[in-house]
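A closer look at the structure
The chain contents come next:
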Amino acid sequence: MRTRGGFCYPRVVEDEKIKRVTKKRKVCLATGKGMVCRKRTKMVPVGPDMFDDLPDDLVLCILSKLSSTANCPSDFINVLITCKRLNGLGLQSQVLAKACPKTFPVKAQNWSESAHRFLKMLADAGNVEACYTLGMIRFYCLQSRGSGASLMAKAAIGGNAPALYSLAVIQFNGSGGSKNDKDLRAGVALCARAAFLGHIDGLRELGHCLQDGYGVRQNITEGRRFLVQANARELASVLASAAASGIPMRQLLTWTPLPHPHPHPHPQLRHLTGSGCPLLSDFGCNVPAPEVHPANRFLVDWYEGRADGLTGPGLRLCSHVGCGRPETRKHEFRRCSVCGEVNYCSRACQALDWKLRHKAECAAVERWVDEEGEGAEGDGAVNEGDDVMEES
């Protein structure tokens, strides 16, 4: 085969030990006579292809380790586009099942059918994080309640704590159905399982359920113990992430004193007199907000970027900025009984939003006692967000 300039491609002559690359004689287009090539013959040593000799099991093990420790999608994609063999082995279920969430970050503004297919491929391979993420997207965003709940159940069976907690929220609210579809006992059982796996919101929700007797026999002491464990775990996770990012510990452990003492302090605040730096974040430890799960971040961005808002009239979003869960029917979520301006899908979201934002915005935050000096109903939330949520 000739090029436009009349030159020929090199001809490869293989021997047993060496590979000899020679140039064909150039032909003059005007005279038709051959021209002598002055370049010397190149001698290229031939050796065994070590990559082709590697067994597939070893390559799959290496790719699985890479997908589980990747810091961004490019770390994994650059390997897939290297050659045809890596592309084929990298899409095996053994590799996709161990892919970490950083390998497939899904953003609402970039959502497409191809992203949906890729998440479906990961979920079919048994990736529990992909099952939970796709289940949340289908249940709350794409209005596919059955398939979304089944994907979250698949992730919960695989030991995914956020999936267990999300299913508990669905059971508490009867999401996707009517008010009669609520199953409080099932929600408490799912919260207990998530709390056993160390999920902070599951611990908070279980503590509030025990304190209030919501779906379980009331046990105030055990409820407070679970709430303390939730705060301790939250503080430990924040300190660990801060240490990894290089934030000084002294800045996080700064004591944030309470405002001027109230003439009738709430009973849960009376023991906070005097100096000191409490350990729990809800009692004044200056720690940043916990990191939002990618599935919840997707929900927040999905409904913020949609011009038509929610899918039905009168539906509301959970007031906690890091949740993003919408109502599936009117008056599904419970509102703050003090101000009535905010609503939450769970007591855990209420506690977090009270600490981060609503504590300074609640209009009746100082209505802690009635005129006789005894606690009034629906008193403002303190520390753990103890304002009672009632159904609107």
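Close contact between helix α7 (residues 128-141) and helix α9 (residues 161-173) brings their axes to 10 Å; oriented N to C, the two are set at 25°. Considered as vectors, α7 and α9 are oriented roughly parallel to each other. Remark: the crossing between α7 and α9 carries left-handed chirality. Packed against α7, whose contacting residues are Tyr132, Met136, Phe139 and Tyr140, the element α9 presents Pro162, Ala163, Ser166 and Ile170 at the interface. Here the residues of the contact of α7 with α9 sort into 7 nonpolar, 1 polar and no charged.

Further remarks concern α9. Residues three or four positions apart in an α-helix share a direction because the helix packs 3.6 residues into each turn. Taking 1.5 Å of rise per residue, the 13 residues of α9 would be expected to cover 18 Å, and the 19 Å separating its terminal C-alpha atoms lies within 8% of that figure. A large share of α9 lies buried, amounting to 12 of its 13 residues. If you check which residues of α9 are buried, you get Ala161, Pro162, Ala163, Leu164, Tyr165, Ser166, Leu167, Ala168, Val169, Ile170, Phe172 and Asn173. Considering only its buried residues, α9 is in contact with α7, α8 (145-157), α10 (184-196), α11 (200-212) and α15 (347-356). A distance of 3.0 Å separates the backbone nitrogen of Ala163 from a side-chain oxygen at the start of α9, and that oxygen is part of Asn160.

Residues with a pLDDT of 70 or more make up 66% of the protein, whose mean pLDDT is 76. When the criterion is pLDDT under 50, residues 255-284 qualifies, and its contacts beyond four places in sequence or with other chains add up to 50 contacts. Note on residues 365-388: pLDDT is under 50 here. Beyond four places in sequence and across chains, it has 71 contacts.

Evaluation of the coordinates by the stated rule reveals 4 aromatic pairs. Between the aromatic rings of Trp111 and Phe298, the centroid separation amounts to 5.6 Å while the plane-to-plane angle is 75°, which identifies the pairing as edge-to-face. One end of the pair, Trp111, is in the loop between α5 (93-96) and α6 (113-124); the other, Phe298, is in helix α14 (residues 294-304), and 187 residues separate them in sequence. Look at Phe172 and Tyr214: their rings are 5.7 Å apart centre to centre, the planes differ by 40°, and that puts the pair in the tilted class. Of this pair, Phe172 sits in helix α9 while Tyr214 is found in the loop between α11 and α12 (220-245), placing the two residues 42 residues apart along the sequence. For Arg225, the ring lying beneath its charged end belongs to Phe226, and the centroid distance is 4.9 Å. A cation over an aromatic ring shows up here: Arg334 above the ring of Tyr214, its NZ or CZ 4.8 Å from the ring centre.

What counts as what
- Residues numbered from 1 in each chain as written.
- Predicted model: local features only at pLDDT ≥ 70, side-chain atom pairs only at ≥ 80, totals over all residues.
- Heavy atoms only, no water.
- Axes fitted to C-alpha atoms, helices over the stretch in contact; angles between N-to-C directions.
- Helix = DSSP H or I, 4+ residues; strand = E, 2+ residues; numbered from the N terminus.
- Parallel < 35°, antiparallel > 145°, perpendicular 65-115°, else oblique.
- Left-handed = near helix turned anticlockwise from the far one by under 90°.
- Contact = heavy atoms within 4.5 Å.
- Nonpolar A, V, L, I, M, F, W, Y, C, P; charged D, E, K, R; others polar.
- Expected span 1.5 Å × (residues − 1).
- Buried < 20%, exposed > 50% of the residue type's maximum accessible area, 1.4 Å probe, protein only.
- Polar contact = N/O pair within 3.5 Å; in protein donor to acceptor, adjacent residues only side chain to side chain.
- pLDDT = per-residue confidence, 0-100.
- Phe/Tyr/Trp six-rings, centres within 6.5 Å; stacked < 30°, edge-to-face > 60°.
- Lys NZ or Arg CZ within 6 Å of the ring centre and 35° of its normal.

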